[in-house]
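Spelled out, the chains give:
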Amino acid sequence: MKCKLCLEEKELIKKSHILPSFIYNGLFDDKHRLVSLNINDFNDKSYHQTGYHEGGILCADCDNGILGGLERYASNTIYAEESKNGVHRKYHSGQGEVLPVLRFSNLNYTKLKLFFLSLLWKSHISKLNFFSQIDLGSKYGEKIRKMILNQYAGKEDEFEVVLIKIETDGTRPN
């Protein structure tokens, strides 16, 4: 079968995560489950133990090598409890700011931008119902696929990324 990233005929892995598990930190309930709610009916909910996975979309080289490298970088820098890889964090909550701001320095722009684009792209190629509303169209889906494959982040104003962290008091839907 053909890998959706490299487009080569290769054996595809049976279980690719669409979003890496560290993305869900703080969202699991006491039984380590994610709760998915229907925004039109909060009583309509389902539970997931490890997030969303799909088979038959990526080869091991692309999933573990290319995408895995981007995920490891993001996990070890912006999502890690301790700053790693020379990345510095600084909290700001100065005059006039509505929300505290976490600023990073010494990030690898290319790796981080491609990490976020890979999340969008994998959500786009997924056939899972949860991601059904994510459609980049063929033009942008292909453009992002090539950017990831070629490790090219593009221009700064091309597919801009904004990261927002929502902190709660620990309450979440059950």
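This structure is a prediction, so every number in the text was calculated from the model and none was measured.

Novice: Can you lay out the nonpolar core for me, pointing to particular residues and giving the numbers?
Specialist: In terms of nonpolar packing, the biggest core is built from 33 residues, with Cys3, Leu5, Leu58, Leu112, Phe115, Trp121 and Ile148 touching the most fellow members. Contributing elements (two or more residues each) for this core: helix 1 (60-76), helix 2 (109-125) and helix 3 (137-149). Residue contributions to this core peak at eight residues, all from helix 2. Setting aside anything within four residues of it in sequence, one finds Ile148 in contact with Leu5, Ile66, Leu67, Leu70, Leu114, Leu117, Ser118 and Trp121.

Novice: Any chance you could break down the packing of helix 1 against helix 2 for me, citing the residues and the numbers?
Specialist: Taken N-terminus to C-terminus, the directions of helix 1 and helix 2 make an angle of 120°; their axes are 9 Å apart at the nearest point. With respect to helix 2, the axis of helix 1 lies oblique. Crossing handedness for the pair helix 1 and helix 2: left-handed. Where helix 1 approaches helix 2, its residues Leu67, Leu70, Glu71, Tyr73 and Ala74 are matched on the opposing element by Lys111, Leu112, Leu114, Phe115, Ser118 and Lys122. Grouping the amino acids of the contact of helix 1 with helix 2 by side-chain chemistry returns seven nonpolar, one polar and three charged.

Novice: A description of the side chain of Lys122 should follow, citing residues and the corresponding values.
Specialist: Tracing the backbone shows Lys122 in helix 2. Within the structure, the side chain of Lys122 is placed 2.7 Å from the side chain of Glu71, a separation counted as a polar contact. When near neighbours in sequence (up to four residues on either side) are disregarded, Lys122 contacts His17, Ile18, Leu58, Leu67 and Glu71.

Novice: Describe in detail the packing of aromatic side chains, supporting the description with residues and values.
Specialist: Taken as a whole and judged by the stated rule, the model has six aromatic pairs. Look at Phe22 and Phe115: their rings are 5.9 Å apart centre to centre, the planes differ by 25°, and that puts the pair in the stacked class. Of this pair, Phe22 sits in the loop between strand 1 (16-17) and strand 2 (34-38) while Phe115 sits in helix 2, and the two are 93 residues apart along the sequence. The same class applies to Phe22 as to Phe115, namely buried. Three or more aromatic residues joined by ring pairs make a cluster, and in this case those are Phe22, Phe115 and Phe116.

Novice: Break down helix 3 for me, citing the residues and quoting the values.
Specialist: The first and last C-alpha atoms of helix 3 sit 18 Å apart over 13 residues, in line with the 18 Å expected at 1.5 Å per residue. The set of residues buried in helix 3 consists of Gly141, Ile144, Arg145, Met147 and Ile148. Buried residues of helix 3, viewed axially, fall in a sector of 165°; they line one side. Exposed residues lying more than 90 degrees from the buried face of helix 3 are Ser138 and Lys139.

Novice: So what's going on with the pattern of salt bridges? Which residues, and what values?
Specialist: One pass over the full model with this rule turns up six salt bridges. Ionic pairing is found between Glu8 and Lys10, a salt bridge with its closest N-O pair at 3.7 Å. Residue classification places Lys10 among the partly exposed residues on the basis of a relative accessible area of 24%. Close ionic contact of Glu158 with Lys143 constitutes a salt bridge, the shortest N to O distance being 2.6 Å. One end of the pair, Glu158, is in the segment after helix 3; the other, Lys143, is in helix 3, with 15 residues separating them in the sequence. Accessibility expressed as a relative area gives 16% for Glu158, which makes it buried.

Novice: Account for unusual backbone geometry, naming residues and giving values.
Specialist: Of note, Leu7 is a non-glycine position whose phi angle comes to about 65°, a positive value. You can see Leu7 is positioned in the segment before strand 1. Despite not being glycine, Phe159 has its phi angle at roughly 60°, a positive value. Positionally, Phe159 belongs in the segment after helix 3. Overall, the relative accessible area of 22% leaves Phe159 in the partly exposed class.

Thresholds applied
Residues numbered from 1 in each chain as written. Predicted model: local features only at pLDDT ≥ 70, side-chain atom pairs only at ≥ 80, totals over all residues. Heavy atoms only, no water. Core = buried A, V, L, I, M, F, W, Y, C linked by side-chain atoms within 4.5 Å. Buried < 20%, exposed > 50% of the residue type's maximum accessible area, 1.4 Å probe, protein only. Helix = DSSP H or I, 4+ residues; strand = E, 2+ residues; numbered from the N terminus. Contact = heavy atoms within 4.5 Å. Axes fitted to C-alpha atoms, helices over the stretch in contact; angles between N-to-C directions. Parallel < 35°, antiparallel > 145°, perpendicular 65-115°, else oblique. Left-handed = near helix turned anticlockwise from the far one by under 90°. Nonpolar A, V, L, I, M, F, W, Y, C, P; charged D, E, K, R; others polar. Polar contact = N/O pair within 3.5 Å; in protein donor to acceptor, adjacent residues only side chain to side chain. Phe/Tyr/Trp six-rings, centres within 6.5 Å; stacked < 30°, edge-to-face > 60°. Expected span 1.5 Å × (residues − 1). Arc of directions from axis to C-beta. Salt bridge = Lys/Arg side-chain N within 4 Å of Asp/Glu carboxyl O.

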